[in-house]
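# Structural description and commentary
Residue-level listing of the chains:
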Amino acid sequence: MTRTVALTGMTGFIGRHIAENLLSRGFAVRALTRKPDTGTVTNVTWIKGSLEHPDALAELVDGADSVVHCAGVVRGHKESIFTEGNVTGSLRLMQAAEESRGCRRFLFISSLAARHPELSWYAKSKSVAEQQLTTMATQTSLGIFRPTAVYGPGDKELKPVLTWLLRGVLPCLGSPESRLSFIHVSDLAQAVGQWLASAPQPTRPCELCDGVDGGYNWQRLQEIGARVRQGPVRLVGVPLPVLKLLADISVFFAHLTRREPMLTRSKIHELTHHDWSASNKVCTEQITWRPEISLEHALRERLF
Ligand SMILES: NC(=O)c1ccc[n+]([C@@H]2O[C@H](COP(=O)([O-])OP(=O)(O)OC[C@H]3O[C@@H](n4cnc5c(N)ncnc54)[C@H](OP(=O)(O)O)[C@@H]3O)[C@@H](O)[C@H]2O)c1
């Protein structure tokens, strides 16, 4: 059984929760960081470097029996940014794992978006990474997690939407009939811990969501919001031209502030896709895991 895990992305939203879960299970964690200040988390061995540094990746996996690869590029104004981070960076890490003495399991935190690589640069990069990692993993048993939209403490992307929902306003992107799904970050972190505690399985992409059959459409979200706040929720459609304008503004300001934008025209295709419902079927066949937090429960208990 795995005892030492090499973790990437621990300085981000999901990675932090995964680390907490692994530490609570008694795993030793070696974590990659680009930040000069690593804080005071105990029982974590920090390795300075990034997915661009093969030497740092070799050091990261040294002495680990498993890799959980959660680092990823989620924002960018052009395709090559996603390809470099999510494809090339992931392959460098797999190379380090393959060449290591003891690292025999590798869990790739992909995304439900990989189901539709045609939709966005991000989706394509995750899909290509999945395929190339699968080809490259010969000594290493590969797991692929495809979480849907993740929310919870520390998230900055969905939090504003959930906050507005509880104030009575729900911005609707795409068709009101579009299907969405969600997963609370602690359920995702729990699934990662369970994956490490389970026997290796053949590689099959595992979708992960909160287990609500068929997901949610916007009207269902509106109803849930109304129940939780005990008041009306107004569904406000955002027309495509407005969304495109917002994307252009976001790219412009990101350029001015030298940051990478989340909302781009490429991202719009993904956000407005008609079916992002997900199924836990493959995941629950592979590991003993059930999500515990529905969106309604999280809204009631303010678990975000
Ligand atoms: N959030 C979601 O709804 C969602 C849904 C499905 C899948 N995912 C996937 O889950 C993973 C984590 O997402 P998140 O929401 O936690 O994002 P996040 O908060 O932006 O965290 C991203 C993490 O990746 C690290 N990273 C990025 N590029 C790197 C590089 N070149 N070298 C080393 N580290 C690098 C970041 O390090 P720094 O702190 O140094 O920037 C950070 O720790 C990603 O792979 C994402 O695609 C997220």
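Residues numbered from 1 in each chain as written. Predicted model: local features only at pLDDT ≥ 70, side-chain atom pairs only at ≥ 80, totals over all residues. Heavy atoms only, no water.

## Some thoughts on helix α2 (residues 54-61)
Which entries qualify depends on this criterion: The buried label goes to any residue with under 20% of its type's maximum accessible area, the exposed label to any with over 50%, and the partly exposed label to all in between, with areas taken from a 1.4 Å probe on protein chains only. What counts as a helix is a DSSP run of H or I of at least four residues, what counts as a strand is a run of E of at least two, and both are numbered from the N terminus. An arc is given here, and it is the one of the directions from the helix axis to the C-beta atoms. Every residue pair with non-hydrogen atoms within 4.5 Å of one another is taken to be in contact.
Of all the positions in α2, only Ala56, Leu57, Leu60 and Val61 are classed as buried. Each buried residue of α2 lies within a common arc of 125° when the element is viewed along its axis, so the set occupies one face. The elements touched by buried residues of α2 are β1 (4-8), β2 (28-33), β3 (44-48), β4 (66-69) and α3 (79-99).

## With respect to the site of the ligand
Inclusion rule: To be near a molecule or strand, a residue needs just one of its heavy atoms within 4 Å of it. Any pair of N or O atoms that falls within 3.5 Å is considered a polar contact. Within protein, one atom must be able to donate a hydrogen and the other to accept it, and sequence-neighbouring residues count only if both atoms are side-chain atoms. To be clear on the numbers: accessible area is Shrake-Rupley with a 1.4 Å probe, and residue cover counts the displayed protein chains and nothing else. Note that Gly is not counted as nonpolar here; it falls among the polar residues with everything else outside the nonpolar set of Ala, Val, Leu, Ile, Met, Phe, Trp, Tyr, Cys and Pro and the charged set of Asp, Glu, Lys and Arg.
Neighbouring the ligand are 23 residues; Thr11, Arg34, Lys35, Tyr122 and Lys126 lie closest to it. Within the side chain of Arg34, a nitrogen or oxygen atom sits 2.8 Å from an oxygen atom of the ligand. With respect to the ligand, the side chain of Lys35 contributes an N or O atom lying 2.8 Å from an oxygen atom. The protein chains hide 83% of the 890 Å² of surface that the ligand would expose on its own. For the shell around the ligand, the secondary structure elements donating two or more residues are α1 (13-24), α4 (121-136) and β7 (149-151). In the shell around the ligand, the residues fall into 11 nonpolar, eight polar and four charged.

## Observations regarding unusual backbone geometry
With the exception of glycine, the majority of residues adopt a negative phi angle, and the majority of peptide bonds are in the trans configuration. Positive phi, normally seen in glycine, also occurs at Gln230, with a value near 55°. Within the secondary structure, Gln230 is located in the loop between α7 (218-229) and β11 (234-238). Even without glycine at this site, Arg258 takes up a positive phi of about 55°. With respect to the helices and strands, the residue Arg258 is situated in the loop between α8 (240-256) and α9 (265-271). Judged by relative accessible area, Arg258 falls into the exposed class, the value being 79%.

## A closer look at a positive patch on the surface
For the record, the criterion: Patch construction takes residues with relative accessible area above 30% that form no salt bridge. Like charges are linked within 9 Å, and nonpolar side chains (Val, Leu, Ile, Met, Phe, Trp, Tyr) are linked within 5 Å. Any carboxyl oxygen of Asp or Glu that lies within 4 Å of a side-chain nitrogen of Lys or Arg is treated as forming a salt bridge with it. Lys and Arg are tallied as positive, Asp and Glu as negative. Neither His nor the chain termini are counted. For the purpose of locating charges, the reference atoms are NZ of Lys, CZ of Arg, CG of Asp and CD of Glu.
On the surface, a cluster of positive charge is made up of Arg34, Lys35, Lys156 and Arg259. Inspection of the secondary structure puts Lys35 in the loop between β2 and β3.

## Points about the packing of aromatic side chains
Filter applied, for reference: Aromatic rings from Phe, Tyr and Trp, taking only the six-membered ring of Trp, are treated as a pair when their centres fall within 6.5 Å; an angle between ring planes under 30 degrees marks them as stacked, one over 60 as edge-to-face, and anything in between as tilted.
Per the counting criterion, the structure on display carries four aromatic pairs. Ring geometry for Phe82 against Trp121: centres 6.4 Å apart, planes inclined by 40°, an arrangement best described as tilted. Placement of the pair is Phe82 in helix α3 and Trp121 in helix α4, with a sequence separation of 39 residues. By relative accessible area, which is 26% here, Trp121 ends up partly exposed. Through pairs of rings, three or more aromatic residues link up here, namely Phe82, Trp121 and Tyr122.

## Brief notes about the nonpolar core
Definition in use: Take the buried Ala, Val, Leu, Ile, Met, Phe, Trp, Tyr and Cys residues and link them wherever side-chain atoms come within 4.5 Å; each set so joined is a nonpolar core.
Counting residues in hydrophobic clusters, the biggest one holds 33 residues, and the most contacted among them are Ile18 and Phe145. Counting only elements with at least two residues in this core, the list comes to β1, α1, β2, β3, β5 (105-109), α6 (185-197), β10 (205-208) and α10 (281-286). Counting residues per element, this core draws most heavily on α6, which supplies seven residues. Counting 27 residues, the second-largest nonpolar core is a separate cluster that includes Leu158, Leu180, Val233 and Leu243.

## Concerning the pattern of salt bridges
Applying the stated rule across the entire model yields 13 salt bridges. A salt bridge links Arg92 to Glu84; the shortest N-O distance between them is 3.3 Å. Taking the relative accessible area as the measure of exposure, Arg92 reaches 24% and is therefore partly exposed. Judged by its relative accessible area of 30%, Glu84 falls in the partly exposed class.

## Structural notes on the sheet that holds β1
Formally: Any two strands with at least two DSSP bridges between them are considered paired. Whenever a helix is involved, its axis is fitted only over the stretch in contact; in every case the axis is a line through C-alpha atoms, and angles between N-to-C directions fall within 0 to 180 degrees.
Pairing is parallel across the open sheet formed by seven strands, whose spatial order is β3-β2-β1-β4-β5-β6-β10. Lying at the two open borders of the sheet, with one neighbouring strand each, are β3 and β10. If you compare each strand with its neighbour and ignore which way they point, the axes differ by 20° on average. In terms of strand pairing, β2 meets β3 through five bridges, oriented parallel. From the neighbouring strand, Val29 faces β3, where its bridge partner is Val44. Each of β1, β2, β3 and β4 is contacted by α2, which is oriented at about 170° to β2, the strand it contacts most. Running over the sheet, α4 touches β5, β6 (141-147) and β10 and is turned about 170° from β5.

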